Amino acid sequence: MHTPLPAHKVFAAMNRLGAAGTPFFFLLDFSLTSGMALPLSEIDDAEIRYMLPGKTNASRPPADPPPFFLKKDPPSFADYRLKFDRVRAAIQAGDTYLLNLTAETPVETNYTLEELFRYGKAKYKLWLRDRFVHFSPEPFVKIRDGRIFSCPMKGTIDAGQPDAMEKILADPKEEAEQYIIVDLIRNDLSRVAREVRVEDFRYVERVQTHRQELLQVSSRIGGRLMESYARAFGDLFAALLPAGSVSGAPKPRTLELIRSIEGYDRGFYTGVWGIYDGAGLDSCVIIRYLEQTPAGLVFRSGGGITSGSVAEKEFLELTDKIYVPVY
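Residues numbered from 1 in each chain as written. Predicted model: local features only at pLDDT ≥ 70, side-chain atom pairs only at ≥ 80, totals over all residues. Heavy atoms only, no water.

1. Points about the nonpolar core
Thought 1: In terms of nonpolar packing, the biggest core is built from 62 residues, with Met14, Leu27, Leu28, Ile148, Phe237 and Trp273 touching the most fellow members.
Thought 2: When neighbours within four sequence positions are excluded, Leu27 is seen to be in contact with Val10, Ser34, Gly35, Met36, Leu126, Leu128, Phe132, Phe268, Val272, Trp273 and Ile286. (Core = buried A, V, L, I, M, F, W, Y, C linked by side-chain atoms within 4.5 Å. Buried < 20%, exposed > 50% of the residue type's maximum accessible area, 1.4 Å probe, protein only. Contact = heavy atoms within 4.5 Å.)

2. Side note on the pairing of strand S16 (residues 272-276)
Thought 1: In terms of burial, S16 is a largely internal element, 5 of the 5 residues being buried.
Thought 2: Residues Val272, Gly274 and Tyr276 of S16 are buried on one face, and the alternating residues Trp273 and Ile275, pointing to the opposite face, are buried as well.
Thought 3: As paired elements, strand S2 (residues 24-28) and S16 share 5 bridges and run antiparallel to each other. What sits directly across from Phe26, in S16, is Gly274.
Thought 4: Here S16 pairs with strand S17 (residues 281-285) via 5 bridges, running antiparallel. (Helix = DSSP H or I, 4+ residues; strand = E, 2+ residues; numbered from the N terminus. Pairing = 2+ DSSP bridges.)

3. Here's the deal with the state of the cysteines
Thought 1: For the structure on display, the rule yields 0 disulfides.
Thought 2: Cys151 takes part in no disulfide bond, and the closest cysteine sulfur, belonging to Cys284, lies 12 Å away.
Thought 3: Here Cys151 falls in the buried class, since its relative accessible area comes to 9%.
Thought 4: Cys284 sits in the buried class, given a relative accessible area of 0%. (Disulfide = S-S within 2.5 Å.)

4. With respect to the packing of aromatic side chains
Thought 1: Evaluation of the coordinates by the stated rule reveals 18 aromatic pairs.
Thought 2: Judged by centre distance (4.8 Å) and plane angle (45 degrees), the ring pair of Phe233 and Tyr276 falls under tilted. In this pair, Phe233 sits in helix H6 (residues 233-240) while Tyr276 sits in strand S16, placing the two residues 43 residues apart along the sequence. For the pair Phe233 and Tyr276, a shared accessibility class is recorded, and that class is buried.
Thought 3: With centroids separated by 5.5 Å and ring planes inclined at 40 degrees, the aromatic side chains of Tyr269 and Tyr289 adopt a geometry described as tilted. Here Tyr269, found in the loop between helix H7 (251-262) and S16, pairs with Tyr289, found in strand S18 (residues 289-293); they are 20 residues apart in sequence, far enough to count as distant. For the residue pair Tyr269 and Tyr289, the accessibility class agrees, reading buried in each case.
Thought 4: Ring pairs connect the aromatic residues Phe24, Phe26, Phe140, Phe233, Phe237 and Tyr276, which therefore count as one cluster.
Thought 5: One residue, Arg220, lies across the ring of Phe149, its end atom 4.1 Å from the ring centre.
Thought 6: Lying over the aromatic face of Phe30, Arg266 brings its terminal NZ or CZ to 4.3 Å of the ring centre. (Phe/Tyr/Trp six-rings, centres within 6.5 Å; stacked < 30°, edge-to-face > 60°. Lys NZ or Arg CZ within 6 Å of the ring centre and 35° of its normal.)

5. Digging into the pattern of salt bridges
Thought 1: Tallied over the full model, the rule gives 21 salt bridges.
Thought 2: A salt bridge links Asp85 to Arg81, with the shortest nitrogen-to-oxygen separation between them at 2.9 Å. Of this pair, Asp85 and Arg81 both sit in helix H2 (residues 77-92), separated by 4 residues, roughly a single helical turn.
Thought 3: We classify Asp85 as partly exposed; its relative accessible area is 36%.
Thought 4: Residue Arg81 is classed as partly exposed on the basis of its relative accessible area, which comes to 32%.
Thought 5: Across the pair Lys321 and Glu317 runs a salt bridge whose closest N-O atoms are separated by 2.8 Å. Across the pair, exposure class does not vary: Lys321 and Glu317 are buried alike. (Salt bridge = Lys/Arg side-chain N within 4 Å of Asp/Glu carboxyl O.)

6. As for the side chain of Arg266
Thought 1: Tracing the sequence through the fold places Arg266 in the loop between H7 and S16.
Thought 2: What makes Arg266 buried here is its relative accessible area of 2%.
Thought 3: For Arg266, the side chain forms a polar contact with the main-chain oxygen of Asn100, separated by 2.9 Å.
Thought 4: In terms of polar contacts, Arg266 uses its side chain to reach the side chain of Glu262, at 2.9 Å. (Polar contact = N/O pair within 3.5 Å; in protein donor to acceptor, adjacent residues only side chain to side chain.)

7. Let's talk about the pairing of strand S8 (residues 124-128)
Thought 1: Burial analysis of S8 places 5 of its 5 residues in the buried class, the great majority of the element.
Thought 2: Side-chain alternation along S8 places Tyr124, Leu126 and Leu128 on one buried face and Lys125 and Trp127 on a second face that is also buried.
Thought 3: Sheet topology note: the strand S4 (residues 48-52)/S8 ladder contains 4 bridges and is antiparallel. The partner of Met51 across the bridge, within S8, is Lys125.
Thought 4: In this structure, the hairpin formed by S8 and strand S9 (residues 132-136) is closed by a connection of 3 residues, where Asp130 is found at a positive phi of approximately 60 degrees.

In structure tokens:
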């Protein structure tokens, strides 16, 4: 069985495997306390299955998924509002200006975690046996030919709303949040790269769910990787994590606030995983996440809170993100 290791050992293994040019899989949790780094040749597909653009160790599923349902029991708005108000108070005090507030939602489904992975459709998906499955549309960093890129995703709306694209792009809160997170990611990438610049600001992608289609807004930031990080992938990810798009800014104080306000351990939710194929690296943020807990399945979701946030809209975004892309 593939057992998580302390994060410092994972970083060391990533450096070692990268220096040797050995293709490998890696996984790191949000708090940077544990994870995995394994040569691709040693992954047991009865324990770990992955899929990302152009790479997978899973077989193609049958064309038509069996009937699927997902029942969710999200936290009450009153409970969410209490945490939201604590975030707003921290913003007003100047302790943070963007905090990604998340919550757990108990869910029920007729699919197993393995079936959810098999039939779910996403750019990035990962299954750990008896632990979790996730479906992410959001890359973290990509490295290819000496270049590094990141594509933070901020802003979600039901595509079925009238003029949905115009609404999400014109929303001043969403635009301000994108400016904040793009600036944060640009600063983070500047730790490991030179000539960092925003290559595409606020483009819209469509994401299909089992209930509806969503529009999500992203930006693309790129730079030239410093030579010292070319194969030192453990050092690189230690410098970049946790991901800014799922934490906030300024990052150190915001992480302290997340731990005190959310009231639960995110674990691998909002961590990262990826593949180094011997030539380049691709990775993603672990969102759209279902975890098997002793009390049953939970789904974790959230969104960025700024001074312009409205509690009701943020709560709706949190609940809209509780979906599995089986269709």
